[in-house]
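One-letter residues, chain by chain:
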Amino acid sequence: MWGLELGPPSGRTARRVWEAIERRQPGLFAQLITVPLFHEHHILTQVAGHHMNVIKVLPPLTIAEADLHRFARALETVLADAESRMLRGYAGLGLGLGRRMLFAR
C-alpha cells in the first residue's frame, strides 16, 4: 500500500484557494484528486481517512514498470490540472461541498 500525502500547491493563488478549501473541509483536496484519477485515467485510489490529504493506492505486488509510469503520469497531470486551469472549478466545487456540509449539520 502506498500513502501519498498532498500538500498545498506552490503557486500563490493556488495556495490561497487550497487554504480556503481546507478551512471549509479539511482533506477535501485529496478527494478532488481521486475523482479525476478515476474518471479521466481509470485509476482507482482512495482518500486514506477523514480530514486527511493522503491518498492510498493499492497496486498489485507484481506491478509492471509501465504501469508505474502510467500512474505517475496520470497523477502528475491531475495535480497540474488542479493547480492551473481547473483550479476555479475545483474551488467552486470545494466551497459548494463545504457549504453543504455546514448546512447539513
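Structure: above.
The structure contained in this document is the topic of the report that follows. (Residues numbered from 1 in each chain as written. Predicted model: local features only at pLDDT ≥ 70, side-chain atom pairs only at ≥ 80, totals over all residues. Heavy atoms only, no water.)

**Looking at the packing of aromatic side chains**
Reasoning step 1: Inspection of the entire model under this criterion finds one aromatic pair.
Reasoning step 2: Ring plane angle 55° and centroid distance 5.7 Å describe the contact between W2 and F71, whose orientation is recorded as tilted. Within this pair, whereas W2 is found in strand 1 (residues 2-5), its partner F71 is found in helix 3 (residues 65-83), the two being separated by 69 residues in sequence.
Reasoning step 3: We classify F71 as buried; its relative accessible area is 11%. (Phe/Tyr/Trp six-rings, centres within 6.5 Å; stacked < 30°, edge-to-face > 60°. Helix = DSSP H or I, 4+ residues; strand = E, 2+ residues; numbered from the N terminus. Buried < 20%, exposed > 50% of the residue type's maximum accessible area, 1.4 Å probe, protein only.)

**Side note on the packing of helix 2 (residues 28-41) against helix 3**
Reasoning step 1: Contact geometry of helix 2 with helix 3 gives a least axis separation of 10 Å together with a crossing angle of 125°. Between helix 2 and helix 3, the angle is such that the two are oblique. Considering the relative orientation of helix 2 and helix 3, their crossing is right-handed. Contacts from F29, I33, P36, L37, E40 and H41 of helix 2 reach helix 3 at R70, A74, L75, T77, V78, L79, D81 and A82.
Reasoning step 2: Split by residue class, the contact of helix 2 with helix 3 holds nine nonpolar, two polar and three charged. (Axes fitted to C-alpha atoms, helices over the stretch in contact; angles between N-to-C directions. Parallel < 35°, antiparallel > 145°, perpendicular 65-115°, else oblique. Left-handed = near helix turned anticlockwise from the far one by under 90°. Contact = heavy atoms within 4.5 Å. Nonpolar A, V, L, I, M, F, W, Y, C, P; charged D, E, K, R; others polar.)

**Concerning unusual backbone geometry**
Reasoning step 1: Notably, H42 is not glycine yet its phi reads approximately 60°, a positive angle.
Reasoning step 2: Mapped onto the fold, H42 is located in the loop between helix 2 and strand 2 (46-47).
Reasoning step 3: The residue H51 is not glycine, and still its phi comes out positive at about 60°.
Reasoning step 4: Locating H51 in the fold gives a position in the loop between strand 2 and strand 3 (54-57).
Reasoning step 5: Assessed through its relative accessible area of 42%, H51 is described here as partly exposed.

**Some thoughts on the pairing of strand 3**
Reasoning step 1: Relative to strand 3, strand 1 is paired through four bridges, and the arrangement is antiparallel. Considered in strand 3, the bridge of G3 is made with K56.
Reasoning step 2: Inspection of the sheet shows strand 2 paired to strand 3 by two bridges, in the antiparallel sense. Opposite Q46, over in strand 3, you have K56 as the bridge partner.
Reasoning step 3: With antiparallel pairing between neighbouring strands as the criterion, strand 2 and strand 3 make up a hairpin whose turn holds six residues, including H51 at a positive phi of roughly 60°. (Pairing = 2+ DSSP bridges.)

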